[in-house]
Each structure stands twice: as structure tokens, then as C-alpha cells.
Amino acid sequence: MTWFADEILLPATAQALARVSGDPLLAPYAYWVRDLDGHAWFADEHRHELPEGGLIAIRPVRDTRSDDEDDSWYGVPSLDWSRLQPRENQGPEPDRIGRRLAAYLLECTTGEPPSADNVADDVDSLPPPSLRRYLGELSAQLSLPVLYHSAFFWGGAVEYEYSLCYRPHEALFLTKPPEPGDEAIRHALHDGLAGVGVNLPSPYFALHAREFPWARHRLDGKG
């Protein structure tokens, strides 16, 4: 089974709701999940809560020039991440986190650790620095953590999964095989969601259920 996630998540405070609903670029792609009442949990150990007030999800947010991830899978139009521009267009690029993420994605694609030259060549294909600065600014403006999560699963296996969390400083979490001495795999989703107030007792996240009724939660009420 093929499955994707490309989304911005943040706590649904009154200020955040006003900011997102009042932004003509974000609002058409925004959802407000107030709670998980009525969700069909597959197992009791999957049950988790949302932060008080719920979560805002802005999705899908991705590079719409990509040929292998089109809107037909999502069933809704995507917001191209290049349209999210920071007010202050300054900052280091490329940087340590960008290169670390580039190396991870290249290794996921090729199965081999990339050379320094390959990482340098590929860094422009990552979430652009403008998006990352935009998310940091949004976090600072709202005094809230903001998460960008991206994942691709195929046949039940993780092809890649990463979380960029802003408080407003940037942190990167990656899903990778366990290192020697680790008891279990570290999941980027688990660590990223913890930053926005969602504590998962298992890898299951209700909003990532294939049948999750997204249209019911549209922030603009057009579902």
C-alpha cells in the first residue's frame, strides 16, 4: 500500500485559528480537528489525545512540481511549499540541518550513504530554506510550536519519514533503523508530534488513518 503525508501541524489556539483562517493562502488547505470523539480505534493501545483545543492541519504542503506525488493520491489540491515565503528572507543556506536531511533522503533513495558532493548537489530539492524560515517565523509570531511532517510508505515499509519542529528554533527528527543498543526504532512522527502536544503511545496516529474524514474538519466549513 502506498501512503504519503506532507503537512503542517500546530496547536489550535484562538490566535492560531485566527491567523490561519485569515490567511488566503493557508485557509483553503487548513483543517481544525477539535477532538477524536467517534474515531474507530483498531486497538486500545493506539488511543491518544489531542492538545486542548485540538490541532490545525495544513495539508498537503509539498513540491507540486514532483511527478511521483500528485494530487490524485491525496484527492485534494496541494499547496506548493515555494509559495510560503518568510517576511525576513534571510538565513543560512545550506545549513547543518538541511545537509543532514539531504543525506538522509539520498540514503533512503539509493540505499547507500551519499558523498559530500551528492549532498551538496541535492540540497536544493529539499524543503526549501524559505519554507523552513517561514515556519520558524510562524512559530515565533504565535508563540507556539509548529511541525512540518513528511513521509512516504510503500508496502507497509517506511521509505522515508522526517519531522521539522519549530519552537521557533528548528529541530529535525528522522525515522531510521535502530542503532546498536537501541531497544526500538525511533519514529520521526512520535518525536515531532510530542513537540506540538500529542503524545503517541504507539506508532499509530489517528489523523493518518486512511479513512480519516478530513472534509468534515475543513476550517473554512466547505467540507
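Everything here concerns the structure above.
Now for a quick tour of the structure. Treat the numbers as computed from the prediction; the structure is a model and nothing was measured.

1. Concerning the pattern of salt bridges
Applying the stated criterion across every chain, the model contains six salt bridges. Its salt-bridge partner being arginine 132, residue glutamate 170 comes within 2.8 Å of it at the nearest N-O pair. With glutamate 170 in strand β8 (residues 170-174) and arginine 132 in helix α5 (residues 129-142), this pair connects stretches of sequence that are 38 residues apart. The partner of aspartate 220 in a salt bridge is arginine 218, and the shortest N-O contact between them spans 2.6 Å. Three or more residues are tied together by salt bridges with common partners; here these are Asp95, Arg132 and Glu170.

2. Structural notes on the side chain of serine 150
Following the sequence through the fold, serine 150 ends up in strand β6 (residues 146-154). Judged by relative accessible area, which is 2%, serine 150 ranks as buried. Side chain to side chain, serine 150 and aspartate 6 meet in a polar contact 2.8 Å long. Among residues more than four places away in sequence, those in contact with serine 150 are Ala5, Asp6, Tyr160, Glu161 and Tyr162.

3. Digging into unusual backbone geometry
Excluding glycine, residues mostly carry a negative phi; peptide bonds, for their part, are mostly trans. For the bond from arginine 59 to proline 60, the omega torsion is -15°, close enough to zero to count as cis. Here proline 60 shows up in the loop between β3 (55-58) and β4 (61-62). Following arginine 167, the chain continues to proline 168 via a peptide bond in cis, the omega torsion being -5°. Summarising the element assignment, proline 168 is placed in the loop between β7 (157-166) and β8.

Cut-off values and rules
Residues numbered from 1 in each chain as written. Predicted model: local features only at pLDDT ≥ 70, side-chain atom pairs only at ≥ 80, totals over all residues. Heavy atoms only, no water. Salt bridge = Lys/Arg side-chain N within 4 Å of Asp/Glu carboxyl O. Helix = DSSP H or I, 4+ residues; strand = E, 2+ residues; numbered from the N terminus. Buried < 20%, exposed > 50% of the residue type's maximum accessible area, 1.4 Å probe, protein only. Polar contact = N/O pair within 3.5 Å; in protein donor to acceptor, adjacent residues only side chain to side chain. Contact = heavy atoms within 4.5 Å.

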